[in-house]
Amino acid sequence: GDSVTQMEGPVTLSEEAFLTINCTYTATGYPSLFWYVQYPGEGLQLLLKATKADDKGSNKGFEATYRKETTSFHLEKGSVQVSDSAVYFCALSDPDSNYQLIWGAGTKLIIKP
Amino acid sequence: NAGVTQTPKFQVLKTGQSMTLQCAQDMNHNSMYWYRQDPGMGLRLIYYSASEGTTDKGEVPNGYNVSRLNKREFSLRLESAAPSQTSVYFCATTGGSGSHSPLHFGNGTRLTVT
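Keep in mind that what you see is a predicted model, and the values were worked out from it rather than measured.

Rules and cut-offs
Residues numbered from 1 in each chain as written. Chains lettered and ligands numbered in written order. Predicted model: local features only at pLDDT ≥ 70, side-chain atom pairs only at ≥ 80, totals over all residues. Heavy atoms only, no water. Helix = DSSP H or I, 4+ residues; strand = E, 2+ residues; numbered from the N terminus. Rg over C-alpha atoms; globule rule 2.2 N^0.38 Å. Buried < 20%, exposed > 50% of the residue type's maximum accessible area, 1.4 Å probe, protein only. Areas by Shrake-Rupley, 256 points an atom, 1.4 Å probe, with all protein chains shown as cover. Lys, Arg positive; Asp, Glu negative; His and termini not counted. Charge placed at Lys NZ, Arg CZ, Asp CG, Glu CD. Pairing = 2+ DSSP bridges. Contact = heavy atoms within 4.5 Å. Buried area = accessible area lost by both parts, 1.4 Å probe. Polar contact = N/O pair within 3.5 Å; in protein donor to acceptor, adjacent residues only side chain to side chain. Nonpolar A, V, L, I, M, F, W, Y, C, P; charged D, E, K, R; others polar.

1. Observations concerning the overall build of chain B
Scanning chain B for helices and strands turns up 0 helices and 11 strands. Going from the N terminus to the C terminus, chain B shows its helices and strands as β-β-β-β-β-β-β-β-β-β-β. Relative to the 2.2 N^0.38 estimate, which gives 13 Å for 114 residues, the radius of gyration of chain B is 13 Å and therefore close to what a compact globule would have. Its C-alpha atoms give chain B principal-axis dimensions of roughly 40 × 25 × 25 Å. Within chain B, the fraction of its 114 residues that count as buried is 46%. About 5400 Å² of surface is accessible on chain B, with carbon and sulfur atoms providing 47% of the total. Chain B carries 10 positive and 7 negative side-chain charges, and their two centres are separated by 6 Å.

2. Description of the pairing of strand 2 (residues 11-14) of chain A
Two faces make up the sheet, and in a regular strand the side chains alternate between them. All names here are of chain A. Along strand 2, the buried face is formed by Val11 and Leu13; none of Thr12 and Ser14, which line the opposite face, is buried. Inspection of the sheet shows strand 2 paired to strand 12 (residues 107-112) by 4 bridges, in the parallel sense. Along strand 12, the bridge assignment pairs serine 14 with lysine 112.

3. Some details on the interface of chain B and chain A
Taken together, the contact between chain B and chain A spans 18 residues of the former and 20 residues of the latter. Surface buried jointly by chain B and chain A totals about 1500 Å² across both partners, of which 56% is contributed by carbon and sulfur atoms. In this structure, the connection of chain B to chain A is made through 3 residue pairs in polar contact (both at pLDDT 80 or more). Of all elements in the fold, only strand 4 (31-37) and strand 5 (43-49) of chain B reach the threshold of two or more residues within the side of chain B that touches chain A. Looking at the side of chain B that touches chain A residue by residue, the classes come out as 10 nonpolar, 8 polar and no charged.

This is the structure:
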């Protein structure tokens, strides 16, 4: 079945550092890919998405490119801030699985000033 | 602009007690979901409702029941709570169909079963 694998956390960085959170997937169809973010005490919210191969999703300085050849959707940001501290979830939606979202385990990001 | 509202925010139950988690949305969305979130396991789908009047099991439905009361409200019931049901529960909605529509989440209910 479909699955999503994320790098384990926590990831701890200093402010203004470069961020990469790895995400790889397996899917039977042609999925859409998502990054969601969860700030402390809140529900998840969509950060960015990509719906086909080579698409780049971007939002709030974060980017991720849908790489079909490597089945990856890594999240990047050039200069992180303390306010980026949160848990980040990679997810996919596969038409062959009736569009049910498949979630990664989440990666906790801690940014130190 | 409330979005998705979950009540209660926190609950402590003893083993065997029952309770209902409430979810209401004012976004006029058709589809509603209940997830549980456990450390290191991401989100797991308990039940979902693709539209008013329909409900379907997700990945982990055992021990739970749901009711889609109307388009706005989708409740989750634990008939006889167990310690394994200690978790954070999230309600979510989506308005579109297909693979592109994002989910909108409530702020969660933190449930502890002792």
